[in-house]
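Here is what each chain is made of, one letter per residue.
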Amino acid sequence: MKKIGLYFLAILAIGILLSTVASAGTITDETNDVWHWTWNAGLGRFSWTHSVTSKPNIDITELSYTIEGGQAILKMKVKGTIENSEKVMYIAYYNTTDANYWMTYTNGTGMCMAMSPSGGTWAWGNVTASGDTITAVVNLVGIGTEEEFWGYAVEYTQIKDTSAEYWGDWAPQDTSPWYEGDGGEGDGGDGGEDGGGGGGIPGFESAILCMSILIAIAIWRKRR
């Protein structure tokens, strides 16, 4: 009877564990893979190359999400230390068939939001940074099946200015603007934004869109 009781408790414990952690995912990113974008105004051309300058604070090593205990947890780790600068931005995005989850962090301040397009539900979470890791926690507004999961870190020479030069690291790499190319050049036209590669977005347009949505909603909430 004691053995049966122990078996029952073990099965119950496993069931509780499985119900608590609904899903999880991790992207492991290579180190020393930060890329450098420069613009030559005289020639009207840009170029993508591997950065010769060490940028450990935006060099992503791991991106992960966990659905646990009624919450979504997004984490980003870097090779160096999370930098509190207005010229450095960190972004993560987790999209499912039922909900979207965003995380941003810049200049010592983070924002996290969850949205369920079908249910019209919104939730705001908390973002903290410690050492090499940013952690965002927000209440679930839906689970669904994973459709997109990516993140990136970027450093500008001027705040959000991509007209001169900037450095960036994407995870996974196939979401970067230079993916499928070993760097390259372009003339700034519609066909040149990939810098010789065939990579897609998310690029900076997606980041600006996410940030604009988060900021607009934050202002709206304060005015209510």
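Scoring rules and cut-offs
- Residues numbered from 1 in each chain as written.
- Predicted model: local features only at pLDDT ≥ 70, side-chain atom pairs only at ≥ 80, totals over all residues.
- Heavy atoms only, no water.
- Helix = DSSP H or I, 4+ residues; strand = E, 2+ residues; numbered from the N terminus.
- Buried < 20%, exposed > 50% of the residue type's maximum accessible area, 1.4 Å probe, protein only.
- Polar contact = N/O pair within 3.5 Å; in protein donor to acceptor, adjacent residues only side chain to side chain.
- Pairing = 2+ DSSP bridges.
- Contact = heavy atoms within 4.5 Å.
- Phe/Tyr/Trp six-rings, centres within 6.5 Å; stacked < 30°, edge-to-face > 60°.
- Salt bridge = Lys/Arg side-chain N within 4 Å of Asp/Glu carboxyl O.

Here the focus is the environment of Tyr90. The residue Tyr90 is located in strand 6 (residues 88–96) in this model. Here Tyr90 falls in the buried class, since its relative accessible area comes to 0%. Residues Tyr90 and Tyr105, 15 residues apart in the sequence, show an inter-C-alpha distance of 5.1 Å. At a separation of 2.9 Å, a polar atom in the side chain of Tyr90 contacts the main-chain amide nitrogen of Glu83.

Sheet topology places strand 10 (residues 126–130) next to strand 11 (residues 133–139); five bridges connect them, and they run antiparallel. Counterpart to Val127 in the pairing with strand 11 is Ala136. Hairpin connection from strand 10 to strand 11: two residues lie between these consecutive antiparallel strands, with Gly131 at a positive phi of about 60 degrees.

Turning to the environment of Gly70, a few remarks are in order. Within the secondary structure layout, Gly70 lies in the loop between strand 4 (60–68) and strand 5 (71–78). Remark: the alpha-carbon pair of Gly70 and Gly142, spanning 72 residues in sequence, is separated by 9.5 Å. Filtering out sequence-adjacent residues up to four positions away, Gly70 remains in contact with Asn139 and Leu140.

Okay, the packing of aromatic side chains next. Inspection of the entire model under this criterion finds 13 aromatic pairs. A ring pair is formed by Trp48 and Trp170, whose centres lie 5.8 Å apart and whose planes are at 75 degrees; its orientation type is edge-to-face. Here Trp170 lies in strand 13 (residues 165–171) and Trp48 lies in strand 3 (residues 45–50), a separation of 122 residues in the sequence. Here the two residues Trp48 and Trp170 agree in accessibility, since each one is buried.

Turning to the pattern of salt bridges, a few remarks are in order. It is possible for side chains bearing opposite charge to pair when their charged atoms get close. In the structure shown here, the tally under the stated rule is one salt bridge. Here Lys55 makes a salt bridge to Glu155, at a shortest N to O gap of 3.1 Å. Of the two residues, Lys55 sits in the loop between strand 3 and strand 4 while Glu155 sits in strand 12 (residues 146–156), which places them 100 residues apart along the sequence. Take Lys55 and Glu155: they sit in the same class, and that class is buried.

Right, let's talk about the pairing of strand 12 for a bit. Strand residues, when the strand is regular, have side chains that alternate between the two faces of the sheet. Burial analysis of strand 12 places eight of its eleven residues in the buried class, which makes it a mostly covered element. Pairing of strand 6 with strand 12 involves nine bridges; the strand directions are antiparallel. Across the sheet, residue Ala92 finds its bridge partner in strand 12, namely Gly151. Strand direction decides the pairing type here: strand 12 and strand 13, joined by six bridges, are antiparallel. Considered in strand 13, the bridge of Ala153 is made with Asp169.

Geometric descriptors of this kind do not, in isolation, establish any biological role.
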